[in-house]
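These are the residues of each chain, in order.
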Amino acid sequence: MKIFAIGQNYVEHNKELNSKHPTEPVVFMKPDTAVLRNNKPFFIPDFSEEIHYETELIIKINRIGKNISPRFSHRYYSEIGLGVDFTARDLQRRLKESGHPWETAKAFDNSAVIGNFLPAEQFPNVQDIRFSMNLNGNTVQNGHSADMIFPVDELIAHVSRFFTLKIGDILFTGTPVGVGKVSVGDRLEGFIGNDKMFDFKVK
Ligand code: ZN
């Protein structure tokens with residue numbers, strides 16, 4: 001399986017990182033070795049002093065597709081979940097400054113937390129989903145998919161121009177404002193509405 005991720009897809013998050021607003025989706029990928037499932041703990045890697053959480057709605061692809069038209073994108077997924085795009089922010093900053101690719105800051109082992117999924121039919125409108133993340137019991141991210149710069153169906157269409165989508169591929173749709181650093185001992189709990197989607201610790 002492949003993991004696609006979208007950067008800079010929420011206006012207020014771009015402000016907090018001083019990023020420009022993209023004119024087309026910012027796409028990057030993570031390998032399957034990045035996956036962390038089943039609420040297993042996340043171990044802070046030794047190459048970063050500043051690992052950030054980014055809580056994101058995730059879409060599970062359920063059909064093979066290429067050059068998908070946005071109006072048909074909804075046929076390519078039937079489950080929506082919540083994940084964390086862990087990012088080595090210090091490393092990413094250095095790579096950005098020198099104009100280099102992001103991979104080591106974004107695609108390292110266990111950097112893609114994949115929580116539970118809910119049936120897409122539970123959501124009448126994919127652009128009207130509220131989600132949140134509690135860090136040690138305090139809500140630090142409160143997202144609403146209406147605030148995405150590029151909506152889910154456009155993201156799927158865009159990614160599929162370049163890459164064939166396959167069953168089981170995952171799309172991370174970008175993080176809302178409120179990203180921050182994790183420390184050893186932290187507990188991260190993610191929610192879509194009132195449904196708990198993940199609950200794990202940082203070690
Ligand atoms: Zn992200």
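See above for the structure.
The sections below set out a description of the structure shown in this document.

Things to note about the coordination of the zinc ion
Surrounding the zinc ion are the protein donor atoms Glu54 (OE), Glu56 (OE) and Asp85 (OD), at 2.0 to 2.1 Å. Here the donor residues of the zinc ion share one chain and are spaced in sequence as E-x1-E-x28-D. Residue class for Glu56 comes out buried when judged on its relative accessible area of 0%.

Re the layout of surface pockets
The rolling of a water-molecule-sized probe over the atoms marks out the regions of remaining empty space. Space inside the largest pocket adds up to approximately 160 Å³. Every residue lining the largest pocket is counted, 14 residues in all, and those nearest its centre are Asn38, Asn39, Gly115, Asn116 and Met197. Those elements that place two or more of their residues in the lining of the largest pocket are β8 (112-119) and β14 (195-201). Broken down by element, the residue count for the lining of the largest pocket peaks at five residues, all from β14. A per-class count over the lining of the largest pocket returns six nonpolar, four polar and four charged.

Concerning the packing of aromatic side chains
Tallied over the full model, the rule gives six aromatic pairs. Judged by centre distance (5.3 Å) and plane angle (45°), the rings of Phe4 and Phe163 are tilted. Highlighted residues: Phe4 in strand β1 (residues 3-7) and Phe163 in the loop between α4 (152-162) and β11 (170-172), separated in sequence by 159 residues. For Phe163, a relative accessible area of 30% puts it in the partly exposed group.

What counts and what doesn't
- Residues numbered from 1 in each chain as written.
- Predicted model: local features only at pLDDT ≥ 70, side-chain atom pairs only at ≥ 80, totals over all residues.
- Heavy atoms only, no water.
- Donors = N, O, S within 2.8 Å, 3.2 Å for Na, K, Ca; no water.
- Buried < 20%, exposed > 50% of the residue type's maximum accessible area, 1.4 Å probe, protein only.
- 1 Å grid on protein atoms, 1.4 Å probe; cavity = no way out; pocket = protein on both sides within 12 Å on 5 of 7 lines; lining within 4 Å.
- Points joined across faces, edges and corners; volume = space filled by probe spheres on them.
- Helix = DSSP H or I, 4+ residues; strand = E, 2+ residues; numbered from the N terminus.
- Nonpolar A, V, L, I, M, F, W, Y, C, P; charged D, E, K, R; others polar.
- Phe/Tyr/Trp six-rings, centres within 6.5 Å; stacked < 30°, edge-to-face > 60°.

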